[in-house]
Every structure is written in C-alpha cells, then in structure tokens.
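Chain by chain, the residues run as shown.
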Amino acid sequence: MLTGRRLKEEKWLPPSNEIISFRNVDKVYKSGHTTNYALDSINFSIKTGKTLSVVGESGSGKTTFGLASLGLIEPTRGKIYFQGIDITSLDRIQKRNFRSKTHMIFQDPYSSLNPYNNIFTTVSAPIESFQKGMSKEERRNKAAEMLDKVGLSPGADFLDIYPKSLSGGQRQRVAIARSLINKPEFVVADEPTSMLDVSITSTVINLMKSLKDELNFTMLYISHEIATSRYIGDDMAVMNLGRIVEYGSPEEITKSPKHPYTDLLIRSYPKPGQKLVPGETRHGDYNVYNGGIKGCTFAYACPFKIPECENTKPELREISQGHWVACFHPIN
Ligand SMILES: Nc1ncnc2c1ncn2[C@@H]1O[C@H](COP(=O)(O)OP(=O)(O)OP(=O)(O)O)[C@@H](O)[C@H]1O
Ligand SMILES: [Mg+2]
C-alpha cells in the first residue's frame, strides 16, 4: 500500500482487488479549433495481480491510458486512484512512494536506454533512487541476478558493457530487468515488442508472462496485435477514440466480439508488425458535443447503427458474466 494519508474528502475506495481505478477521466488535447479526446470519460479499474491487455487501432488512446495510470500525464478531468489513493493530488512523499511501486517499459529499446550508461548503471537506476544505502557490490549482485532472470546470462558478464553492443531483443530484456529490479507492483508495457524482429517477439512475450507469474506484479500490456494481447492478457479492453468499448476475457472477446468495432478490429487484423488502422475513423461524420463525440464513437461506420447511437453515449454494461460492452445492439 501507499503510505501516507488517504485523502479525507474521498469517500470512494476501490474494492480490494483493484489496483488502479479511473473515475470519469478525460484527457483532452486542443489544437486550433479541434478538440481531441484522447481519453473520453474513462470509468475503469485494473485488477490487482492480473495482466490487462489494451488493444485498439493507432490513436485510440492506449498510450495516453498507460501514461495516465502511472501519473505521467495529468487528466483534464476526473480522478485516478492507485490502491485507493488519488494519484492526481499526491504530496511529495506519496509521489515518490508511488513512483517506487510503478514502472513503464517503452516501445523502443533503442531510445529508452541511455547509450552513455553501462548496463549496470541502467538496470540498477531504480534501486539507486529508491533503496538508498545499498553498497555498490550489493547493487551489482542484484543487477546481475535480474539480468539472469531476463535471460541475459551470466548476468555479471553484461554489467560493464554498453547498449550499442546489444541487439534490439537484448536491449528490451535490459529494459525489462530495469523495470522489475525494484519489485514494482504495477508495470505498464507499451507495445514492448513492436520495434523488435518478429522472430523474437514471442520469446520476449513469454519472458514477460513468466516474470509476471514469478514476481507477481500487475501489468497493463498495450498493443495493437490481437494475438499476443490475447495470449498474455488475463483480461482485455478494447479502445476506440478514447473510450473503452469492450472488456472481458481475451478468449471470449476474440472468439465472440460483441461490439461491432471489436469485430472489425479482429477481422482486419494485420500481418505481424503492421500497424492496425482499419478505417479513417477520425474523419467520420460525428454528432459532436462540447468538442467530444456525443453518441457512440463507432456510429459513423457501424452497420447496425440506430438513431440512438448518434445521440446517446453507450456506457459499458455487463451483458454476460464478466463481459462488458458499450453498445446499444451488441452482436449476438
Ligand atoms: N502530447 C499530445 N499532444 C496532442 N495530442 C496528443 C498528444 N498525445 C496524444 N495525442 C493524441 O491523442 C490521441 C491518442 O493518442 P495515443 O498516443 O494515446 O494513441 P495510441 O492508441 O497509443 O496510438 P498508437 O497505436 O499509434 O501508439 C491521438 O489522437 C493523439 O494524436
Ligand atoms: Mg501508443
């Protein structure tokens, strides 16, 4: 748990199985006359100890969702809770405590590792920041042990080399080692394999899956690839233009999608490594309200559209045990 006071004015607390909760969260970007809801009234929780896969085409808000859940961007509206504490208004000590329990693995292992730092400095940075007082020898041992765990072994042989002598896959293993060395409780992995060669994607995914089981953290796994998302996720959320439109078990969603957008997403699933852009969704003919979309974000292209879809925002509702969909006429 985050230590420090709980905000007194907040009566709402999440049930104990939720690590992160979004309540009415918007993230709005304005440029000129356009208003872009990167997150549009997100009400959603991530279960403790599970992997949530978030899928959606480019620009649907996946990265924004991940960054917001780590407090790395401020929502325009709404609140985000980590273990019951509002992360949008943490004091300095709480913020540090929160940072020490969370970590992000970025898409590009070429730009996410500092080329001037050796692997020891890179991997041990989180313990350097958050576990003061550990001797250099202890830190070297810990870093070597973590490198072993991510399949760079013997880990000790990697400590004094620099990123330039590593392959993309090895760099991503270093990034994973760094993200886990401080035993975080919550990790966001944003398309961690999309810059890697297809042939090593599955090894990295398997590695993350087994590390998650061994080290027992909660993971938000972001991807546009349905197959890996299904494989790694305990739960799956589908995003469309800043909204979560479907949520449930990855098997059920991929076998029997209920939202027409999810159905399109799955059917237009591209070859591995290709970006998923099933339609020019941003150029639809929307009924816009306050800069946001008034009805369903998929109404303009939906084959099952009824007038309600243009004018009323469909909320997520549970249509069968654990399967949620934001649609007035889900697919049977
Ligand atoms: N800093 C920013 N300034 C302005 N607009 C932004 C910013 N960050 C994101 N956006 C916009 O918000 C929307 C959601 O972006 P986001 O990066 O979260 O999508 P994504 O699902 O991660 O896409 P991708 O699959 O391409 O990574 C996009 O329309 C994007 O252009
Ligand atoms: Mg992204």
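Attention here is on the structure that accompanies the text. (Residues numbered from 1 in each chain as written. Chains lettered and ligands numbered in written order. Predicted model: local features only at pLDDT ≥ 70, side-chain atom pairs only at ≥ 80, totals over all residues. Heavy atoms only, no water.)

**Comments concerning the packing of helix α5 (residues 168-180) against helix α6 (residues 198-215)**
Our working rule: Each axis is a line fitted through C-alpha atoms, taken for helices only over the stretch in contact, and angles between the N-to-C directions span 0 to 180 degrees. Numbered from the N terminus, helices here are DSSP runs of H or I no shorter than four residues, and strands are runs of E no shorter than two. To sort the angles, those under 35 degrees are grouped as roughly parallel, those over 145 as roughly antiparallel, those from 65 to 115 as roughly perpendicular, and the leftovers as oblique. The hand of a helix crossing depends on one turn: near helix anticlockwise from the far one by less than a right angle means left-handed, and clockwise means right-handed. Whether two residues touch is decided by their heavy atoms; if any such pair falls within 4.5 Å, the residues are in contact. All residues other than Ala, Val, Leu, Ile, Met, Phe, Trp, Tyr, Cys, Pro, Asp, Glu, Lys and Arg, Gly among them, are scored as polar; the first ten of these are nonpolar and the last four charged.
Relative to each other, α5 and α6 sit at 15 degrees, their axes nearing to 11 Å. On the basis of the axis angle, α5 is roughly parallel to α6. Regarding α5 and α6, the two cross each other, and that crossing is right-handed. Taken together, the residues of α6 that come into contact with α5 (itself represented by Gly-169, Arg-173, Ile-176 and Leu-180) are Ile-200, Thr-203, Val-204, Leu-207, Met-208, Leu-211 and Leu-215. A per-class count over the contact of α5 with α6 returns eight nonpolar, two polar and one charged.

**Re the site of ligand 1**
Cut-off, in case you're wondering: Working definition: residue near molecule or strand if any one of its non-hydrogen atoms lies within 4 Å of it. Any N or O atom pair separated by 3.5 Å or less is treated as a polar contact, with the protein-specific requirement of one donor-capable and one acceptor-capable atom, and with residues adjacent in sequence counted only for side-chain atom pairs. Values of accessible area rely on a 1.4 Å probe in the Shrake-Rupley scheme; residue burial ignores everything except the protein chains shown.
Within the structure, ligand 1 sits among 14 residues, and Ser-58, Gly-59, Lys-62, Thr-63 and Thr-64 are positioned closest to it. Here an oxygen atom of ligand 1 sits 2.8 Å away from a polar atom, N or O, in the main chain of Gly-59. Between ligand 1 and Thr-63 there is a distance of 2.8 Å, counted from an oxygen atom to a side-chain nitrogen or oxygen. In the complex, 64% of the free accessible area of ligand 1, which totals 630 Å², lies under the protein chains. Per-element accounting of the shell around ligand 1 gives the leading share, three residues, to helix α1 (residues 62-69).

**As for the pairing of strand β2 (residues 34-47)**
Going by this rule: When DSSP locates at least two bridges between a pair of strands, those strands are taken to pair.
Of the strand pairs in this sheet, strand β1 (residues 18-31) and β2 are connected by ten bridges, and their pairing is antiparallel. Opposite Lys-30, over in β2, you have Thr-35 as the bridge partner. Counted between consecutive antiparallel strands, the loop separating β1 from β2 contains two residues, among which Gly-32 sits at a positive phi close to 60 degrees.

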